[in-house]
Amino acid sequence: MDFNMKKLASDAGIFFTRAVQFTEEKFGQAEKTELDAHFENLLARADSTKNWTEKILRQTEVLLQPNPSARVEEFLYEKLDRKVPSRVTNGELLAQYMADAASELGPTTPYGKTLIKVAEAEKQLGAAERDFIHTASISFLTPLRNFLEGDWKTISKERRLLQNRRLDLDACKARLKKAKAAEAKATLWNDEVDKAEQELRVAQTEFDRQAEVTRLLLEGISSTHVNHLRCLHEFVKSQTTYYAQCYRHMLDLQKQLGSSQGAIFPGTFVGTTEPASPPLSSTSPTTAAATMPVVPSVASLAPPGEASLCLEEVAPPASGTRKARVLYDYEAADSSELALLADELITVYSLPGMDPDWLIGERGNKKGKVPVTYLELLS
């Protein structure tokens, strides 16, 4: 009991001494041991890493789960160390609604058949989204959380210890200074100065040891950056895979809807009359597989025999030609295509069995295939 009381009194005395030293430093009434410039840079770099990691983590969580209530629920499950229940994605829920609507409105009607096709595509999109969220959480979010809840807490603990050691060191320096001043006035015995010097040596040793421990941890931030860089590559890879899957699913759906639309509305154009966004182009052969071009390849998407279509033998239909305004410049990929200039007017029409993403365009005596996404069809 007496030992515990003495320890509590000692701890209270140390805390009081540190508080006094800290307060006097703030008011400029006490000297403060400064850390070297390299150490200060390490501290600033560590703080910056922690702050940006928190921001990136929070925003990535918002990207993967926009619903705030769902994020809170997942956070609580994580803190309780319980498995987060499986949640239906928005795409899967939309797919279910469309399938139910088709069942009630008539699955054999044109509208019902289209609802079923779109529902299947939305279900595939939802499954792809689920896989992306799972992969991104494991490969990207988890390492960031581990740093903040593990390494950073260790660094913060050692920094607090270093701060305490510094306050103890500066308090010992102040006591020695006062002891020497008192000795000079012959009001203090020499053993008091010796005691103050001994306390200073001990405080300096503890401070140096703690500074070295903290320095090693701070220098480990470089390894953290390397780890986060690797995780960032994994995140981009999973995101690329997700968007590529979405593109393939929607391209397949577009083909299905294009063929069915031609059967339902014969003689009409497949395309949009609204201005489309300019297509994205790949800048490198190595990234071609990861990009999502708006204009599909004629050779890969055209029906059999269309790629070798002789344009000189093609005649416009008696009815069904329309004028179209070109939205963006387009460079013909081969002799079967027609080069386009933005804002020019051309005549366009479709041929039986032609890919719905392309039309035949005429300008004067020139003729060739043109992508629908580059056109605004006029009334």
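Naming follows an unreviewed UniProt entry, where the chain appears as Endophilin-B2 of Macaca mulatta. Database annotation for the chain, UniProt heading Subunit (unreviewed entry): "Homodimer, and heterodimer with SH3GLB1." We quote the UniProt Sequence similarities (unreviewed entry) comment for the chain here in full: "Belongs to the endophilin family."

Visitor: When you look at the overall build of the chain in this model, what are you seeing that I'm missing?
Guide: In terms of regular secondary structure, the chain is built from eight helices and five strands. Counting across all 379 residues of the chain, residues that qualify as buried make up 32%. In the chain, the proportion of contacts linking residues at least 24 apart, taken out of those at least 6 apart, comes to 70%. As displayed, the chain has an accessible area near 23800 Å², and 57% of this comes from carbon and sulfur atoms.

Visitor: What am I meant to see in the side chain of Ser-238 here?
Guide: Checked against the element boundaries, Ser-238 lands in helix H7 (residues 221-264). Relative accessible area serves as the criterion here: at 8%, Ser-238 is assigned to the buried category. A distance of 2.8 Å separates the side chain of Ser-238 from the backbone oxygen of Phe-235, its partner in a polar contact. In contact with Ser-238, other than residues within four places in its own chain, are Phe-132, Thr-135 and Ala-136.

Visitor: I would appreciate a short explanation of the environment of Arg-325 in the present structure.
Guide: Mapped onto the secondary structure, Arg-325 falls in strand E1 (residues 322-326). Take Arg-325: its relative accessible area is 26%, and that puts it in the partly exposed class. Between the C-alpha atoms of Arg-325 and Leu-345, which are 20 residues apart in sequence, the distance is 4.7 Å. Dropping the residues within four chain positions of it, Arg-325 is found in contact with Asp-343, Glu-344, Leu-345, Tyr-374, Leu-375, Glu-376 and Leu-378. Polar contacts involving the side chain of Arg-325 include one to the side chain of Asp-343, which spans 3.1 Å. Side-chain polar atoms of Arg-325 contact the side chain of Glu-376, separated by 2.6 Å.

Visitor: Please explain unusual backbone geometry as it appears in this structure.
Guide: Trans is the common state for peptide bonds, and a negative phi is the common state for residues other than glycine. Backbone geometry places Asp-343, a non-glycine residue, at a positive phi of 80°. On the secondary structure map, Asp-343 appears in the loop between E1 and strand E2 (345-349). Asp-343 sits in the exposed class, given a relative accessible area of 54%.

Visitor: What is the right way to look at the packing of aromatic side chains in this model?
Guide: For any pair of aromatic rings, geometry is given as the distance between the ring centres together with the angle between the planes. Using the criterion set out here, one finds seven aromatic pairs in the structure. Ring geometry for Phe-132 against Phe-235: centres 6.2 Å apart, planes inclined by 35°, an arrangement best described as tilted. Taken as a pair, Phe-132 in helix H5 (residues 110-184) and Phe-235 in helix H7 lie far apart in primary sequence, 103 residues in all. A centroid spacing of 4.9 Å and a plane angle of 5° characterise the contact between Phe-132 and Tyr-242, whose relative ring orientation is stacked. Separated by 110 residues along the polypeptide, Phe-132 in helix H5 and Tyr-242 in helix H7 bring together distant segments of the chain. Exposure remark for Phe-132: the relative accessible area of 7% places this residue in the buried category. The structure contains a cluster of three or more aromatic residues connected by ring pairs, namely Phe-132, Phe-140, Phe-235, Tyr-242 and Tyr-243. One cation-aromatic arrangement involves Lys-55 over Trp-52; the distance from NZ or CZ to the ring centre is 4.5 Å.

Visitor: Even after reading the chapter, I still don't get the pairing of strand E3 (residues 358-363), so can you show me in this structure?
Guide: Two faces belong to every sheet, and in a regular strand the side chains alternate between them. Within E3, five of the six residues are buried, leaving the element largely enclosed by the surrounding structure. With three bridges connecting them, E2 and E3 associate as antiparallel partners. When the sheet's bridge partners are listed, Thr-347 is paired in E3 with Glu-362. As paired elements, E3 and strand E4 (residues 366-371) share six bridges and run antiparallel to each other. Within E4, the residue paired with Ile-360 across the bridge is Lys-369. Taking the residues between adjacent antiparallel strands as the criterion, E3 and E4 are bridged by two residues, where Gly-364 takes a positive phi near 65°.

Visitor: Would you explain the sheet that holds strand E5 (residues 375-377) in this entry?
Guide: Read from one edge to the other, the open sheet built from five strands follows the order E4-E3-E2-E1-E5, with strand pairing classed as antiparallel. Pairing within the sheet leaves two strands with one partner each, and these edge strands are E4 and E5. Direction aside, neighbouring strands of the sheet carry axes that sit 40° apart on average.

Visitor: In this structure, what is going on with the confidence of the model for the chain? I would like to understand it.
Guide: Any segment with low pLDDT has predicted coordinates that should not be analysed in fine detail. Per-residue pLDDT for the chain has a mean of 81; in total, 76% of the residues score no lower than 70. By mean pLDDT, the top-scoring element of the chain is helix H2 (residues 37-64) (95), and the lowest-scoring one is helix H8 (residues 298-301) (39). Contacts of residues 265-277 to residues separated by more than four positions or lying in other chains number 26 contacts, the stretch itself having pLDDT below 50.

Visitor: How do you make sense of helix H4 (residues 90-105) when you look at a structure like this?
Guide: Side chains of residues three or four places apart in an α-helix project in the same direction, reflecting 3.6 residues per turn. Compared with an ideal rise of 1.5 Å per residue, which puts 16 residues at 22 Å, H4 spans 22 Å between its outermost C-alpha atoms and is within 8% of the ideal. Inspection of H4 places Gly-91, Glu-92, Ala-95, Met-98 and Ala-102 among the buried residues, and these make up the whole buried set. The buried side chains of H4 occupy one side of the element, clustering within an arc of 120° when seen end-on. For H4, exposure combined with an orientation more than 90 degrees from the buried face picks out Asn-90, Tyr-97 and Glu-104.

Visitor: Please clarify how the pattern of salt bridges should be interpreted in this entry.
Guide: It is possible for side chains of opposite charge to pair when their charged atoms get near one another. Using the criterion set out here, one finds twelve salt bridges in the structure. The shortest N-O distance in the salt bridge between Asp-47 and Arg-159 comes to 2.7 Å. Of this pair, Asp-47 sits in helix H2 while Arg-159 sits in helix H5, and the two are 112 residues apart along the sequence. For Arg-159, a relative accessible area of 23% puts it in the partly exposed group.

Here is what the cut-offs are and how they apply
- Residues numbered from 1 in each chain as written.
- Predicted model: local features only at pLDDT ≥ 70, side-chain atom pairs only at ≥ 80, totals over all residues.
- Heavy atoms only, no water.
- UniProt positions renumbered as here; feature names shortened; annotations may be inferred.
- Helix = DSSP H or I, 4+ residues; strand = E, 2+ residues; numbered from the N terminus.
- Buried < 20%, exposed > 50% of the residue type's maximum accessible area, 1.4 Å probe, protein only.
- Contact = heavy atoms within 4.5 Å.
- Areas by Shrake-Rupley, 256 points an atom, 1.4 Å probe, with all protein chains shown as cover.
- Polar contact = N/O pair within 3.5 Å; in protein donor to acceptor, adjacent residues only side chain to side chain.
- Phe/Tyr/Trp six-rings, centres within 6.5 Å; stacked < 30°, edge-to-face > 60°.
- Lys NZ or Arg CZ within 6 Å of the ring centre and 35° of its normal.
- Pairing = 2+ DSSP bridges.
- Axes fitted to C-alpha atoms, helices over the stretch in contact; angles between N-to-C directions.
- pLDDT = per-residue confidence, 0-100.
- Expected span 1.5 Å × (residues − 1).
- Arc of directions from axis to C-beta.
- Salt bridge = Lys/Arg side-chain N within 4 Å of Asp/Glu carboxyl O.

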